[in-house]
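Analysis of the macromolecular model
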Amino acid sequence: QVQVVESGGGLVQAGGSLRLSCASSRNSFSTDAMGWYRQAPGKPRGFVATIAVGGFTKYADSVKGRFTISRDNAKNTVYLQMNSLKPEDTAVYYCNTIPSQPWGQGTQVTVSS
């Protein structure tokens with residue numbers, strides 16, 4: 001059972017910004033560590049960012065300084081603010097609990113040159 005829904009993706013020019021949202025239907029959301037992942041064409045799904053229950057965050061080196069993960073426990077939602085986007089950020093972005101539950105459909109982010 002997929003328990004998250006990603007949204008907010010789209011087409012943006014290099015240097016632009018997008019804010020992704022991940023809405024969780026889990027009653028235990030406030031006790032779930034959460035992560036964002038992405039899968040680009042021809043590449044495996046990879047780690048982007050994680051956020052712990054209390055707000056501690058980690059980032060992949062490729063996005064550190066450009067992306068910010070946050071959570072609003074009152075809204076059962078995790079966000080990924082993406083700034084200074086690069087064409088290599090083009091991918092389908094997924095969110096999930098840590099450890100992972102079944103994966104959703106993700107949201108497509110396309111960054112044009």
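All figures in this text were calculated on a predicted structure; none of them were measured in a lab. (Residues numbered from 1 in each chain as written. Predicted model: local features only at pLDDT ≥ 70, side-chain atom pairs only at ≥ 80, totals over all residues. Heavy atoms only, no water.)

**So, the sheet that holds strand β8 (residues 77-82)**
Heads up, the rule is: Only when DSSP finds a minimum of two bridges between them are two strands counted as paired. Helical segments are the DSSP runs of H or I of at least four residues, strand segments are the runs of E of at least two, and each set is numbered from the N terminus. The axes are straight lines fitted to the C-alpha atoms, using for helices just the contacting stretch, and the angles between their N-to-C directions are given from 0 to 180°.
Strand order in the open sheet made by the 4 strands is β1-β3-β8-β7, with antiparallel pairing throughout. Of all the strands in the sheet, the pair left with one neighbour each is β1 (4-7) and β7 (67-72). Going across the sheet, the axis of each strand differs from the next one's by a mean of 15°, ignoring polarity. Here 6 bridges tie strand β3 (residues 18-24) to β8, and the two strands are oriented antiparallel to one another. Its bridge partner lying in β8, R19 is registered against Q81.

**Describing the nonpolar core**
For clarity, the cut-off: Here, the term nonpolar core denotes a set of buried Ala, Val, Leu, Ile, Met, Phe, Trp, Tyr and Cys residues that are joined through side-chain atoms within 4.5 Å. Relative accessible area decides the class of each residue, using a 1.4 Å probe on protein chains only: under 20% of the type maximum gives buried, over 50% gives exposed, and in between gives partly exposed. The contact criterion used throughout is that any non-hydrogen atoms of two residues lie within 4.5 Å.
With 26 residues, the main nonpolar core has W36, L80, M82 and Y93 as its most contacted residues. Sorting the residues of this core by element identifies β3, β4 (33-39), β5 (46-51), β7, β8, β9 (91-98) and β10 (107-112) as the ones contributing at least two each. In this structure Y93 touches E6, L20, W36, Y37, R38, V48, F67, L80, M82, G106, T107 and V109, once residues within four positions along its chain are discounted.

**As for the pattern of salt bridges**
This is how the line gets drawn: Any carboxyl oxygen of Asp or Glu that lies within 4 Å of a side-chain nitrogen of Lys or Arg is treated as forming a salt bridge with it.
All told, the structure shown has 3 salt bridges when counted by the stated rule. One salt bridge connects R38 with D89, and the closest N-O pair in it is separated by 2.9 Å. Pair noted here: R38 is in strand β4 and D89 is in the loop between β8 and β9, with a separation of 51 residues, a long-range link. For R38, a relative accessible area of 15% gives the class buried. For R66, the salt bridge goes to D89, with nearest N and O atoms at 2.7 Å. Of this pair, R66 sits in the loop between β6 (57-59) and β7 while D89 is found in the loop between β8 and β9, placing the two residues 23 residues apart along the sequence.

**What to know about the side chain of D32**
One can find D32 in the loop between β3 and β4. Sequence-distant contacts of D32, that is, excluding residues within four places in its chain, are made with R26, V53, R71 and T97.

**What to know about unusual backbone geometry**
At the junction of I98 and P99, the peptide bond is cis and its omega measures out at 0° in the coordinates. Relative to the helices and strands, P99 resides in the loop between β9 and β10. The backbone phi angle of S84 is positive, close to 50°, even though this residue is not glycine. Residue placement: S84 occurs in the loop between β8 and β9. Judged by relative accessible area, S84 falls into the partly exposed class, the value being 40%.

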